[in-house]
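# Fold and geometry: a report
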Amino acid sequence: MSKKLTLGIFGFGVVGQGLYDIIRTNYLQIDVKKFVIRDGSKVRPLPAELFTTDRRQVLDDPEITTVVELIDDADAAFEIVSEALKKGKDVVSANKKMIAHHLEELVAIQKETGSSLLYEGAVCGSIPIIRNLEEYYDNELLYAVSGIFNGSSNYILSQICIEGWTYEKALKKAQDLGFAESDPSMDVGGFDPKFKLVILAAHSYGLFLAPEEVLNIGIHHLGEEELQFATERGWKIKLVPEIRQIGPNEVTLYVLPRFVEPGHLLYNVEHENNAVLVKAAFANEQFFYGKGAGGHPTGSAVLSDITALRYGYKYEYKKHLHQAIPGVNLDVEIPVYLRYSDPELVKKVGFSAIEEYGTSPNSYVVGRISLRQILAAGQAIEQDRAFLAQLPDSASKLPDSASKLSDFGIVK
Ligand SMILES: NC(=O)c1ccc[n+]([C@@H]2O[C@H](COP(=O)([O-])OP(=O)(O)OC[C@H]3O[C@@H](n4cnc5c(N)ncnc54)[C@H](OP(=O)(O)O)[C@@H]3O)[C@@H](O)[C@H]2O)c1
(Lines give C-alpha, C1' and ligand atoms only; values in the text may rest on other atoms or scores of the structure.)
Protein backbone atom coordinates (compact mmCIF):
# COMPACT_ATOMS: atom_id res chain seq x y z
CA MET A 1 0.00 0.00 0.00
CA SER A 2 1.23 3.50 -0.81
CA LYS A 3 2.33 5.54 2.26
CA LYS A 4 1.95 9.29 2.50
CA LEU A 5 5.38 10.85 2.79
CA THR A 6 6.32 14.12 4.46
CA LEU A 7 9.84 15.16 3.58
CA GLY A 8 12.58 17.05 5.34
CA ILE A 9 15.31 17.83 2.79
CA PHE A 10 18.91 18.61 3.76
CA GLY A 11 20.56 20.77 1.08
CA PHE A 12 19.19 23.19 -1.47
CA GLY A 13 22.13 23.19 -3.90
CA VAL A 14 22.36 21.70 -7.40
CA VAL A 15 20.58 18.44 -6.52
CA GLY A 16 18.25 19.81 -3.81
CA GLN A 17 16.90 22.47 -6.17
CA GLY A 18 16.72 20.01 -9.06
CA LEU A 19 14.69 17.63 -6.92
CA TYR A 20 12.36 20.39 -5.80
CA ASP A 21 11.70 21.44 -9.44
CA ILE A 22 10.73 17.86 -10.24
CA ILE A 23 8.53 17.44 -7.15
CA ARG A 24 6.71 20.69 -8.01
CA THR A 25 5.94 19.58 -11.57
CA ASN A 26 5.14 16.00 -10.63
CA TYR A 27 1.62 14.75 -10.13
CA LEU A 28 2.67 12.93 -6.95
CA GLN A 29 1.40 14.35 -3.70
CA ILE A 30 4.68 14.75 -1.87
CA ASP A 31 4.77 17.25 0.94
CA VAL A 32 8.08 19.04 1.59
CA LYS A 33 7.89 20.41 5.13
CA LYS A 34 11.37 21.87 5.59
CA PHE A 35 14.76 22.40 3.92
CA VAL A 36 17.82 22.43 6.15
CA ILE A 37 20.67 24.49 4.70
CA ARG A 38 24.05 25.70 5.97
CA ASP A 39 23.90 29.43 5.27
CA GLY A 40 20.77 31.15 6.52
CA SER A 41 21.70 34.46 4.88
CA LYS A 42 21.51 33.24 1.24
CA VAL A 43 18.56 34.48 -0.80
CA ARG A 44 16.38 31.52 -1.85
CA PRO A 45 13.67 31.36 -4.52
CA LEU A 46 11.12 29.91 -2.05
CA PRO A 47 9.40 31.35 1.07
CA ALA A 48 11.86 31.86 3.95
CA GLU A 49 9.74 29.82 6.39
CA LEU A 50 10.55 26.68 4.36
CA PHE A 51 14.24 26.98 5.34
CA THR A 52 16.17 26.46 8.56
CA THR A 53 19.78 26.00 9.57
CA ASP A 54 18.67 23.92 12.57
CA ARG A 55 18.76 20.21 11.75
CA ARG A 56 16.66 19.42 14.85
CA GLN A 57 13.62 20.94 13.11
CA VAL A 58 13.68 17.94 10.79
CA LEU A 59 15.24 15.20 12.88
CA ASP A 60 12.99 15.83 15.90
CA ASP A 61 9.77 16.36 13.94
CA PRO A 62 7.61 13.21 14.18
CA GLU A 63 5.51 14.35 11.20
CA ILE A 64 8.55 14.07 8.91
CA THR A 65 8.60 10.45 7.78
CA THR A 66 11.38 10.75 5.24
CA VAL A 67 14.72 12.56 5.25
CA VAL A 68 16.37 13.41 1.93
CA GLU A 69 20.08 14.11 2.43
CA LEU A 70 21.62 16.20 -0.39
CA ILE A 71 24.50 18.08 1.24
CA ASP A 72 28.13 18.30 0.21
CA ASP A 73 29.63 17.51 3.63
CA ALA A 74 30.15 13.77 4.08
CA ASP A 75 30.79 13.88 7.84
CA ALA A 76 27.68 15.94 8.62
CA ALA A 77 25.75 13.74 6.17
CA PHE A 78 26.68 10.60 8.10
CA GLU A 79 25.54 12.14 11.39
CA ILE A 80 22.22 13.20 9.83
CA VAL A 81 21.55 9.94 7.98
CA SER A 82 22.45 7.65 10.87
CA GLU A 83 20.38 9.67 13.37
CA ALA A 84 17.37 9.80 11.03
CA LEU A 85 17.51 6.01 10.50
CA LYS A 86 17.82 5.40 14.25
CA LYS A 87 14.74 7.58 14.78
CA GLY A 88 12.78 5.29 12.43
CA LYS A 89 12.72 7.69 9.47
CA ASP A 90 13.43 6.43 5.96
CA VAL A 91 16.26 8.19 4.16
CA VAL A 92 17.26 8.93 0.57
CA SER A 93 20.81 10.15 -0.04
CA ALA A 94 23.00 10.92 -3.07
CA ASN A 95 26.20 11.19 -1.05
CA LYS A 96 28.55 8.56 -2.52
CA LYS A 97 31.51 9.57 -0.35
CA MET A 98 29.54 9.17 2.87
CA ILE A 99 27.89 5.93 1.77
CA ALA A 100 31.13 4.35 0.51
CA HIS A 101 32.83 5.09 3.84
CA HIS A 102 29.98 3.93 6.10
CA LEU A 103 27.97 1.39 4.16
CA GLU A 104 28.39 -1.56 6.49
CA GLU A 105 27.44 0.53 9.52
CA LEU A 106 24.42 1.99 7.70
CA VAL A 107 23.25 -1.48 6.72
CA ALA A 108 23.54 -2.59 10.37
CA ILE A 109 21.45 0.40 11.53
CA GLN A 110 18.75 -0.41 8.96
CA LYS A 111 18.68 -4.01 10.16
CA GLU A 112 18.28 -2.86 13.75
CA THR A 113 15.60 -0.23 13.14
CA GLY A 114 13.75 -1.51 10.06
CA SER A 115 14.20 1.88 8.37
CA SER A 116 15.22 2.04 4.73
CA LEU A 117 18.12 3.94 3.14
CA LEU A 118 18.08 4.29 -0.66
CA TYR A 119 20.81 5.97 -2.74
CA GLU A 120 20.33 5.43 -6.47
CA GLY A 121 21.37 9.06 -7.16
CA ALA A 122 24.77 8.42 -5.56
CA VAL A 123 25.97 6.25 -8.46
CA CYS A 124 25.93 7.66 -11.99
CA GLY A 125 23.17 10.23 -11.44
CA SER A 126 20.15 9.27 -13.48
CA ILE A 127 21.26 5.73 -14.42
CA PRO A 128 19.20 3.15 -12.50
CA ILE A 129 21.96 0.68 -11.68
CA ILE A 130 21.69 -0.11 -7.97
CA ARG A 131 18.11 -1.33 -8.04
CA ASN A 132 18.91 -3.30 -11.20
CA LEU A 133 21.84 -5.02 -9.52
CA GLU A 134 19.67 -5.72 -6.46
CA GLU A 135 16.61 -7.02 -8.32
CA TYR A 136 17.25 -7.81 -11.99
CA TYR A 137 20.73 -9.31 -11.50
CA ASP A 138 19.72 -10.95 -8.24
CA ASN A 139 20.52 -14.48 -9.41
CA GLU A 140 22.78 -13.71 -12.36
CA LEU A 141 26.39 -14.73 -12.43
CA LEU A 142 28.10 -11.39 -12.95
CA TYR A 143 31.42 -11.34 -14.77
CA ALA A 144 32.05 -7.61 -14.53
CA VAL A 145 30.62 -4.18 -13.86
CA SER A 146 32.55 -1.27 -15.32
CA GLY A 147 31.93 2.03 -17.04
CA ILE A 148 32.32 5.75 -16.87
CA PHE A 149 31.12 6.85 -13.47
CA ASN A 150 32.43 10.42 -13.30
CA GLY A 151 30.90 13.03 -15.58
CA SER A 152 33.40 15.72 -14.72
CA SER A 153 36.57 13.82 -15.65
CA ASN A 154 34.86 12.40 -18.74
CA TYR A 155 33.90 15.94 -19.79
CA ILE A 156 37.53 17.05 -19.28
CA LEU A 157 38.85 14.10 -21.33
CA SER A 158 36.37 14.82 -24.15
CA GLN A 159 37.30 18.50 -24.30
CA ILE A 160 41.01 17.65 -24.38
CA CYS A 161 40.79 14.77 -26.88
CA ILE A 162 38.12 16.16 -29.22
CA GLU A 163 38.44 19.95 -28.90
CA GLY A 164 42.18 20.07 -28.19
CA TRP A 165 41.71 22.11 -24.98
CA THR A 166 44.34 22.19 -22.25
CA TYR A 167 43.67 20.23 -19.08
CA GLU A 168 43.38 23.47 -17.04
CA LYS A 169 40.86 25.04 -19.43
CA ALA A 170 38.73 21.88 -19.49
CA LEU A 171 38.76 21.58 -15.67
CA LYS A 172 37.76 25.24 -15.24
CA LYS A 173 34.85 24.80 -17.67
CA ALA A 174 33.70 21.60 -15.89
CA GLN A 175 33.67 23.57 -12.63
CA ASP A 176 31.80 26.51 -14.21
CA LEU A 177 29.18 24.12 -15.58
CA GLY A 178 28.69 22.56 -12.13
CA PHE A 179 29.88 19.06 -13.19
CA ALA A 180 32.86 18.99 -10.83
CA GLU A 181 32.53 18.22 -7.09
CA SER A 182 33.33 21.10 -4.66
CA ASP A 183 36.80 19.50 -4.39
CA PRO A 184 37.78 18.63 -8.02
CA SER A 185 40.58 16.29 -6.92
CA MET A 186 37.78 13.89 -5.96
CA ASP A 187 36.81 13.71 -9.66
CA VAL A 188 40.10 13.93 -11.54
CA GLY A 189 41.98 11.86 -8.93
CA GLY A 190 39.57 8.97 -9.45
CA PHE A 191 38.17 9.09 -5.87
CA ASP A 192 34.57 9.87 -6.83
CA PRO A 193 34.34 6.93 -9.27
CA LYS A 194 36.02 4.76 -6.61
CA PHE A 195 33.32 5.62 -4.06
CA LYS A 196 30.71 4.59 -6.64
CA LEU A 197 32.61 1.38 -7.41
CA VAL A 198 32.74 0.54 -3.69
CA ILE A 199 28.95 0.97 -3.51
CA LEU A 200 28.42 -1.19 -6.60
CA ALA A 201 30.76 -3.86 -5.16
CA ALA A 202 28.19 -4.31 -2.36
CA HIS A 203 25.27 -4.62 -4.74
CA SER A 204 26.99 -6.73 -7.40
CA TYR A 205 29.11 -9.10 -5.29
CA GLY A 206 28.00 -8.55 -1.67
CA LEU A 207 31.36 -7.00 -0.76
CA PHE A 208 31.65 -4.26 1.85
CA LEU A 209 35.01 -2.62 1.23
CA ALA A 210 36.75 0.41 2.69
CA PRO A 211 37.57 2.91 -0.09
CA GLU A 212 41.20 2.96 1.13
CA GLU A 213 41.55 -0.69 0.09
CA VAL A 214 40.74 0.07 -3.55
CA LEU A 215 43.26 1.34 -6.10
CA ASN A 216 42.49 4.63 -7.84
CA ILE A 217 44.72 6.51 -10.26
CA GLY A 218 43.36 9.69 -11.82
CA ILE A 219 43.75 11.71 -15.00
CA HIS A 220 45.33 14.82 -13.42
CA HIS A 221 48.80 14.12 -14.82
CA LEU A 222 47.57 13.53 -18.38
CA GLY A 223 50.12 14.92 -20.85
CA GLU A 224 50.79 15.39 -24.56
CA GLU A 225 52.76 12.13 -24.80
CA GLU A 226 49.84 9.86 -23.93
CA LEU A 227 47.47 11.87 -26.08
CA GLN A 228 49.83 11.30 -29.00
CA PHE A 229 50.26 7.61 -28.02
CA ALA A 230 46.46 7.20 -28.10
CA THR A 231 45.87 9.22 -31.30
CA GLU A 232 48.51 7.27 -33.26
CA ARG A 233 46.64 4.06 -32.45
CA GLY A 234 43.11 5.43 -32.92
CA TRP A 235 42.37 5.01 -29.18
CA LYS A 236 40.76 7.33 -26.66
CA ILE A 237 41.59 7.79 -22.99
CA LYS A 238 38.81 7.24 -20.43
CA LEU A 239 38.74 6.96 -16.65
CA VAL A 240 37.30 3.50 -16.00
CA PRO A 241 36.29 1.86 -12.70
CA GLU A 242 35.82 -1.88 -12.92
CA ILE A 243 35.00 -4.83 -10.69
CA ARG A 244 35.29 -8.23 -12.33
CA GLN A 245 35.22 -11.85 -11.41
CA ILE A 246 38.54 -13.57 -11.95
CA GLY A 247 37.89 -16.99 -10.43
CA PRO A 248 35.17 -19.11 -8.81
CA ASN A 249 35.05 -16.95 -5.69
CA GLU A 250 37.40 -14.10 -6.43
CA VAL A 251 37.07 -10.63 -7.85
CA THR A 252 39.39 -7.75 -8.54
CA LEU A 253 38.56 -4.04 -8.68
CA TYR A 254 40.24 -0.73 -9.41
CA VAL A 255 39.88 2.71 -11.03
CA LEU A 256 42.43 3.52 -13.73
CA PRO A 257 42.68 5.66 -16.84
CA ARG A 258 42.33 3.33 -19.79
CA PHE A 259 43.13 3.41 -23.49
CA VAL A 260 39.91 2.42 -25.20
CA GLU A 261 39.71 1.04 -28.73
CA PRO A 262 37.04 1.97 -31.28
CA GLY A 263 34.28 -0.61 -31.06
CA HIS A 264 34.41 -0.70 -27.27
CA LEU A 265 31.07 0.38 -25.81
CA LEU A 266 32.75 3.10 -23.74
CA TYR A 267 34.57 4.63 -26.74
CA ASN A 268 31.74 6.99 -27.68
CA VAL A 269 30.66 7.98 -24.18
CA GLU A 270 31.61 11.65 -24.25
CA HIS A 271 31.30 14.84 -22.20
CA GLU A 272 29.45 14.64 -18.88
CA ASN A 273 27.64 11.42 -19.79
CA ASN A 274 28.04 8.29 -17.74
CA ALA A 275 27.73 4.63 -18.65
CA VAL A 276 27.60 1.32 -16.88
CA LEU A 277 28.54 -1.87 -18.67
CA VAL A 278 27.36 -5.08 -17.04
CA LYS A 279 28.72 -8.42 -18.26
CA ALA A 280 26.81 -11.44 -17.05
CA ALA A 281 26.76 -15.13 -17.83
CA PHE A 282 23.25 -15.36 -19.22
CA ALA A 283 22.12 -11.80 -19.91
CA ASN A 284 25.47 -11.25 -21.65
CA GLU A 285 26.50 -7.60 -22.12
CA GLN A 286 24.16 -4.80 -21.07
CA PHE A 287 24.88 -1.14 -21.39
CA PHE A 288 23.28 1.72 -19.43
CA TYR A 289 23.94 5.21 -20.70
CA GLY A 290 22.78 8.60 -19.42
CA LYS A 291 23.42 11.78 -17.52
CA GLY A 292 25.66 11.08 -14.56
CA ALA A 293 25.31 14.46 -12.89
CA GLY A 294 23.25 17.65 -12.79
CA GLY A 295 20.30 18.74 -10.70
CA HIS A 296 17.46 17.29 -12.75
CA PRO A 297 19.05 13.94 -13.77
CA THR A 298 20.22 13.26 -10.20
CA GLY A 299 16.96 14.66 -8.82
CA SER A 300 15.06 12.15 -10.96
CA ALA A 301 16.96 9.24 -9.35
CA VAL A 302 16.32 10.73 -5.90
CA LEU A 303 12.61 11.06 -6.70
CA SER A 304 12.51 7.46 -7.87
CA ASP A 305 13.89 6.40 -4.47
CA ILE A 306 11.38 8.62 -2.65
CA THR A 307 8.49 7.07 -4.56
CA ALA A 308 9.87 3.56 -3.92
CA LEU A 309 9.70 4.36 -0.20
CA ARG A 310 5.96 4.93 -0.53
CA TYR A 311 5.72 1.20 -1.16
CA GLY A 312 8.15 0.27 1.61
CA TYR A 313 11.06 -0.61 -0.69
CA LYS A 314 14.36 -1.60 0.97
CA TYR A 315 17.65 -2.87 -0.45
CA GLU A 316 17.95 -6.43 0.81
CA TYR A 317 21.72 -6.82 0.24
CA LYS A 318 20.93 -10.38 -0.80
CA LYS A 319 24.37 -11.02 -2.28
CA HIS A 320 25.96 -10.12 1.04
CA LEU A 321 23.52 -12.09 3.16
CA HIS A 322 22.79 -15.17 1.06
CA GLN A 323 25.75 -15.84 -1.23
CA ALA A 324 29.38 -16.76 -0.73
CA ILE A 325 31.18 -13.42 -0.64
CA PRO A 326 34.19 -13.42 -2.96
CA GLY A 327 37.70 -12.51 -1.92
CA VAL A 328 39.53 -9.57 -3.53
CA ASN A 329 42.65 -10.49 -5.48
CA LEU A 330 45.19 -7.71 -5.98
CA ASP A 331 47.85 -9.92 -7.56
CA VAL A 332 46.13 -9.81 -10.93
CA GLU A 333 48.50 -8.44 -13.57
CA ILE A 334 47.30 -5.96 -16.14
CA PRO A 335 48.99 -4.39 -19.18
CA VAL A 336 49.81 -0.72 -18.59
CA TYR A 337 51.47 2.32 -20.13
CA LEU A 338 53.57 4.41 -17.70
CA ARG A 339 55.04 7.79 -18.70
CA TYR A 340 57.58 8.98 -16.14
CA SER A 341 60.31 11.55 -15.45
CA ASP A 342 62.55 9.65 -13.05
CA PRO A 343 63.80 6.25 -14.36
CA GLU A 344 63.99 5.06 -10.75
CA LEU A 345 60.18 5.01 -10.80
CA VAL A 346 60.16 2.11 -13.28
CA LYS A 347 62.29 0.04 -10.89
CA LYS A 348 60.17 1.08 -7.91
CA VAL A 349 56.95 0.11 -9.65
CA GLY A 350 58.41 -3.31 -10.46
CA PHE A 351 57.10 -4.46 -13.81
CA SER A 352 56.98 -8.22 -14.23
CA ALA A 353 57.52 -7.80 -17.99
CA ILE A 354 58.35 -4.82 -20.16
CA GLU A 355 57.38 -4.97 -23.81
CA GLU A 356 58.32 -1.53 -25.06
CA TYR A 357 60.38 1.52 -24.09
CA GLY A 358 59.59 4.89 -25.63
CA THR A 359 61.58 8.11 -25.46
CA SER A 360 59.79 10.85 -27.32
CA PRO A 361 59.74 13.43 -25.86
CA ASN A 362 59.45 11.86 -22.38
CA SER A 363 60.13 8.28 -21.44
CA TYR A 364 57.44 5.68 -21.17
CA VAL A 365 57.21 1.94 -20.73
CA VAL A 366 54.59 -0.56 -21.72
CA GLY A 367 54.50 -3.66 -19.59
CA ARG A 368 52.62 -5.86 -17.17
CA ILE A 369 52.20 -5.10 -13.52
CA SER A 370 50.04 -6.26 -10.61
CA LEU A 371 47.45 -4.07 -8.93
CA ARG A 372 49.26 -4.61 -5.61
CA GLN A 373 52.44 -3.12 -7.10
CA ILE A 374 50.56 -0.10 -8.43
CA LEU A 375 48.94 0.42 -5.02
CA ALA A 376 52.34 0.22 -3.30
CA ALA A 377 53.89 2.66 -5.78
CA GLY A 378 50.95 5.11 -5.67
CA GLN A 379 52.81 7.85 -3.82
CA ALA A 380 55.91 7.57 -6.01
CA ILE A 381 53.73 7.75 -9.15
CA GLU A 382 52.05 10.87 -7.78
CA GLN A 383 55.34 12.53 -6.81
CA ASP A 384 56.79 11.90 -10.27
CA ARG A 385 53.62 13.39 -11.86
CA ALA A 386 53.66 10.20 -13.93
CA PHE A 387 50.70 9.05 -16.01
CA LEU A 388 49.64 5.42 -15.79
CA ALA A 389 46.88 3.87 -17.86
CA GLN A 390 45.62 0.39 -18.60
CA LEU A 391 46.10 -0.80 -22.18
CA PRO A 392 43.34 -2.53 -24.13
CA ASP A 393 43.58 -6.22 -23.34
CA SER A 394 42.22 -8.44 -26.06
CA ALA A 395 42.57 -11.34 -23.62
CA SER A 396 39.83 -9.77 -21.52
CA LYS A 397 37.30 -10.31 -24.31
CA LEU A 398 34.84 -12.77 -22.90
CA PRO A 399 34.60 -16.26 -24.28
CA ASP A 400 31.09 -17.61 -24.71
CA SER A 401 29.22 -18.06 -21.46
CA ALA A 402 29.41 -21.87 -21.42
CA SER A 403 33.19 -21.98 -21.50
CA LYS A 404 33.42 -19.13 -19.00
CA LEU A 405 31.10 -20.97 -16.61
CA SER A 406 33.23 -24.05 -16.85
CA ASP A 407 36.34 -21.93 -16.24
CA PHE A 408 34.73 -21.01 -12.96
CA GLY A 409 33.87 -24.60 -12.12
CA ILE A 410 30.17 -23.73 -12.18
CA VAL A 411 29.18 -26.13 -14.96
CA LYS A 412 31.19 -29.06 -16.21
N1 LIG B 1 25.83 17.84 -8.39
C2 LIG B 1 25.61 16.66 -8.94
O3 LIG B 1 25.40 16.55 -10.15
C4 LIG B 1 25.54 15.42 -8.09
C5 LIG B 1 25.29 14.18 -8.70
C6 LIG B 1 25.18 13.04 -7.90
C7 LIG B 1 25.37 13.14 -6.54
N8 LIG B 1 25.64 14.36 -5.97
C9 LIG B 1 25.79 14.42 -4.52
O10 LIG B 1 24.70 15.14 -3.98
C11 LIG B 1 25.11 15.85 -2.83
C12 LIG B 1 24.78 17.34 -3.02
O13 LIG B 1 25.51 17.82 -4.14
P14 LIG B 1 25.21 19.26 -4.76
O15 LIG B 1 25.95 19.29 -6.05
O16 LIG B 1 23.75 19.52 -4.75
O17 LIG B 1 25.95 20.21 -3.72
P18 LIG B 1 25.88 21.80 -3.64
O19 LIG B 1 25.30 22.39 -4.86
O20 LIG B 1 27.24 22.26 -3.20
O21 LIG B 1 24.84 22.07 -2.44
C22 LIG B 1 25.10 21.64 -1.16
C23 LIG B 1 23.95 22.02 -0.26
O24 LIG B 1 24.19 21.45 1.02
C25 LIG B 1 23.98 22.44 2.01
N26 LIG B 1 24.79 22.07 3.19
C27 LIG B 1 26.12 21.83 3.25
N28 LIG B 1 26.47 21.44 4.49
C29 LIG B 1 25.33 21.42 5.22
C30 LIG B 1 25.03 21.07 6.56
N31 LIG B 1 25.98 20.68 7.40
N32 LIG B 1 23.73 21.13 6.97
C33 LIG B 1 22.75 21.52 6.12
N34 LIG B 1 22.97 21.86 4.82
C35 LIG B 1 24.25 21.81 4.40
C36 LIG B 1 24.38 23.74 1.36
O37 LIG B 1 23.77 24.82 2.04
P38 LIG B 1 23.87 26.33 1.52
O39 LIG B 1 22.91 26.40 0.36
O40 LIG B 1 23.41 27.12 2.67
O41 LIG B 1 25.29 26.54 1.13
C42 LIG B 1 23.80 23.53 -0.05
O43 LIG B 1 22.43 23.87 -0.09
C44 LIG B 1 26.62 15.57 -2.66
O45 LIG B 1 26.75 14.48 -1.78
C46 LIG B 1 27.05 15.15 -4.06
O47 LIG B 1 28.17 14.29 -4.03
C48 LIG B 1 25.73 15.49 -6.72
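The following paragraphs examine the structure supplied in this document. Per chain, residue numbering runs from 1 following the sequence as it is written. With pLDDT at 70 or above as the cut-off, local features in this predicted model cover only qualifying residues; side-chain atom pairs require 80 or more to be listed or tallied, and sums for whole chains, interfaces and linings still use all residues. Hydrogen atoms and water are omitted, and side-chain values are computed over all heavy atoms in the structure.

## Here we look at the side chain of Q245
Comment: elements are numbered from the N terminus, with helices defined as DSSP H or I runs of at least four residues and strands as E runs of at least two. Its location among the elements puts Q245 in strand β9 (residues 236-247). From its side chain, Q245 meets the backbone oxygen of G247 in a polar contact 3.0 Å long. A 3.5 Å cut-off defines polar contacts: any pair of N or O atoms within that distance qualifies, except that in protein one atom must be a possible hydrogen donor and the other a possible acceptor, and neighbouring residues in sequence count only when both atoms are side-chain atoms.

## What about the site of the ligand?
Taken together, 23 residues form the shell around the ligand, and within it F12, D39, K42, R44 and G294 come nearest. A distance of 2.7 Å is found between an oxygen atom of the ligand and a backbone nitrogen or oxygen belonging to D39. Within the contact set of the ligand, an oxygen atom lies 3.3 Å away from a side-chain nitrogen or oxygen of K96. Exposure was quantified through the Shrake-Rupley algorithm and a 1.4 Å probe, taking into account, for residues, occlusion by the shown protein chains and nothing else. If the ligand stood free it would expose 900 Å²; the protein chains cover 87% of that surface. Residues that form the shell around the ligand fall into these classes: 10 nonpolar, 6 polar and 7 charged. For each residue, the test is whether any non-hydrogen atom lies within 4 Å of the molecule or strand; if one does, the residue is near. Residues were grouped as follows: Ala, Val, Leu, Ile, Met, Phe, Trp, Tyr, Cys and Pro as nonpolar; Asp, Glu, Lys and Arg as charged; and all remaining residues, including Gly, as polar.

## Overview of helix α3 (residues 74-86)
Relative to the 18 Å expected for 13 residues at 1.5 Å per residue, α3 spans 18 Å between its end C-alpha atoms, a close match to the ideal helical length. Looking only at α3, the buried set comprises A74, A76, A77, F78, I80, V81, S82, A84 and L85. Between two residues, a contact is recorded if the distance between any of their heavy atoms is within 4.5 Å. Of the surrounding elements, those touching the buried residues of α3 are β1 (6-10), α2 (56-59), β4 (66-69), β5 (90-93), α4 (96-113) and β6 (117-118). One less than the number of residues in a helix, times 1.5 Å, gives the span that helix is expected to have. Residue exposure (1.4 Å probe, protein chains only): buried if accessible area is under 20% of the type maximum, exposed if over 50%, otherwise partly exposed.

## Notes on the pairing of β4
Neither face of β4 is open: one carries T66 and V68, the other V67 and E69, and all of them are buried. Note that β1 and β4 share 4 bridges and pair parallel. In the strand pairing of β4, L7 is matched with T66. Think of it this way: DSSP has to see at least two bridges between two strands before they count as a pair. Across 4 bridges, β4 lies against β5 in parallel orientation.

## Describing the nonpolar core
By convention a nonpolar core is built from buried Ala, Val, Leu, Ile, Met, Phe, Trp, Tyr and Cys residues, the set being connected through side-chain atoms within 4.5 Å. Ranked by internal contacts, the top residues of the largest apolar core, which has 110 residues, are Y119 and I129. In terms of residue count, the dominant contributor to this core is helix α9 (residues 191-205) (8 residues). The contacts of I129, once residues within four sequence positions are left out, are E120, V123, L200, V276, V278 and F288. Counting residues in hydrophobic clusters, the runner-up holds 22 residues, among them L215, V346, I374 and L388.

## Overview of the pattern of salt bridges
Here, a salt bridge means any Lys or Arg side-chain nitrogen found within 4 Å of an Asp or Glu carboxyl oxygen. One pass over the structure, following the stated rule, counts 27 salt bridges. In this structure, the salt-bridge partner of K318 is D138, at a minimum N-O distance of 3.5 Å. With K318 in helix α12 (residues 318-322) and D138 in the loop between α5 (130-136) and β7 (142-148), the pair connects residues that are 180 residues apart, well separated along the chain. The exposure class of D138 is buried, given its relative accessible area of 16%. The network of salt bridges with shared partners includes R56, D60, E83 and K87.

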